[in-house]
Amino acid sequence: MSLFIIHSDGGARGNPGPAAIGVVLACGGEVVATISKYIGETTNNQAEYQAVIAGLEKALEMGAEQVECVLDSELVVKQLNHEYKVKNKDLASLFVKAHNISLKFKKVTFRHVRREYNKEADKLVNEALDNR
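Here is what the cut-offs are and how they apply
- Residues numbered from 1 in each chain as written.
- Predicted model: local features only at pLDDT ≥ 70, side-chain atom pairs only at ≥ 80, totals over all residues.
- Heavy atoms only, no water.
- Pairing = 2+ DSSP bridges.
- Helix = DSSP H or I, 4+ residues; strand = E, 2+ residues; numbered from the N terminus.
- Axes fitted to C-alpha atoms, helices over the stretch in contact; angles between N-to-C directions.
- Contact = heavy atoms within 4.5 Å.
- Parallel < 35°, antiparallel > 145°, perpendicular 65-115°, else oblique.
- Left-handed = near helix turned anticlockwise from the far one by under 90°.
- Expected span 1.5 Å × (residues − 1).
- Buried < 20%, exposed > 50% of the residue type's maximum accessible area, 1.4 Å probe, protein only.

Draft legend 1. Spotlight on the sheet that holds strand 4 (residues 66–71). With mixed pairing, the five strands of this open sheet are ordered in space as 3-2-1-4-5. Whereas interior strands pair on both sides, the edge strands pair on one side only; in this sheet they are strand 3 (30–42) and strand 5 (107–112). Adjacent strand axes in the sheet meet at a mean angle of 20°, parallel and antiparallel pairs treated alike. Here strand 2 (residues 17–27) pairs with strand 3 via 11 bridges, running antiparallel. Bridged to Gly-22 within strand 3 is Ser-36. Where helix 1 (residues 44–61) meets the sheet, it contacts strand 1 (3–12), strand 2, strand 3, strand 4 and strand 5, and its direction lies at approximately 155° from that of strand 1. Packing of helix 4 (residues 119–130) onto the sheet brings it into contact with strand 1, strand 2 and strand 3, and relative to strand 2 it is tilted by some 140°.

Draft legend 2. Geometry of the packing of helix 1 against helix 3 (residues 89–102). Across the interface, helix 1 lies against helix 3 with an axial gap of 10 Å and an inter-helix angle of 15°. As the angle between them shows, helix 1 and helix 3 are arranged roughly parallel. For helix 1 against helix 3, the interelement crossing comes out left-handed. Here helix 1 contributes Asn-45, Gln-46, Tyr-49, Gln-50, Ile-53, Leu-56 and Glu-57 to the contact with helix 3, which in turn contributes Asp-90, Leu-91, Leu-94, Phe-95, Lys-97, Ala-98 and Ile-101.

Draft legend 3. Local environment of helix 1. Taking 1.5 Å of rise per residue, the 18 residues of helix 1 would be expected to cover 26 Å, and the 26 Å separating its terminal C-alpha atoms lies within 8% of that figure. Looking at helix 1, one finds that the buried residues are Gln-46, Ala-47, Glu-48, Tyr-49, Ala-51, Val-52, Ile-53, Ala-54, Gly-55, Leu-56 and Ala-59. After helix 1 finishes, the residue Gly-63 shows a positive phi value of roughly 90°.

Laid out in structure tokens, this is it:
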């Protein structure tokens, strides 16, 4: 079974403001894909969700059966793990999209890490913002 580790990050300069996503996908300890993309004006939390969604879609496209999503947004992780309710209507639609995609895998986990353990995804966010 193919297990993909997805490190994702989303960020906005201003809240809302210009935003981007960064995603690093690894399988078997090797980086197999990256995403660095400007996504327009949005909030930080919306960008975090969009990064998770992009990572899940890419993993699905690459044939992943199991994924571990690693991100530094505690809010998004706790919402996707059903520990927190999604009260914001703009986040609710993104939550539903992420949840529906996650159902296509045999197993999905969402894990929070401190920012310093998500540096590569963060770097891709900043590159996309700097190059927009």
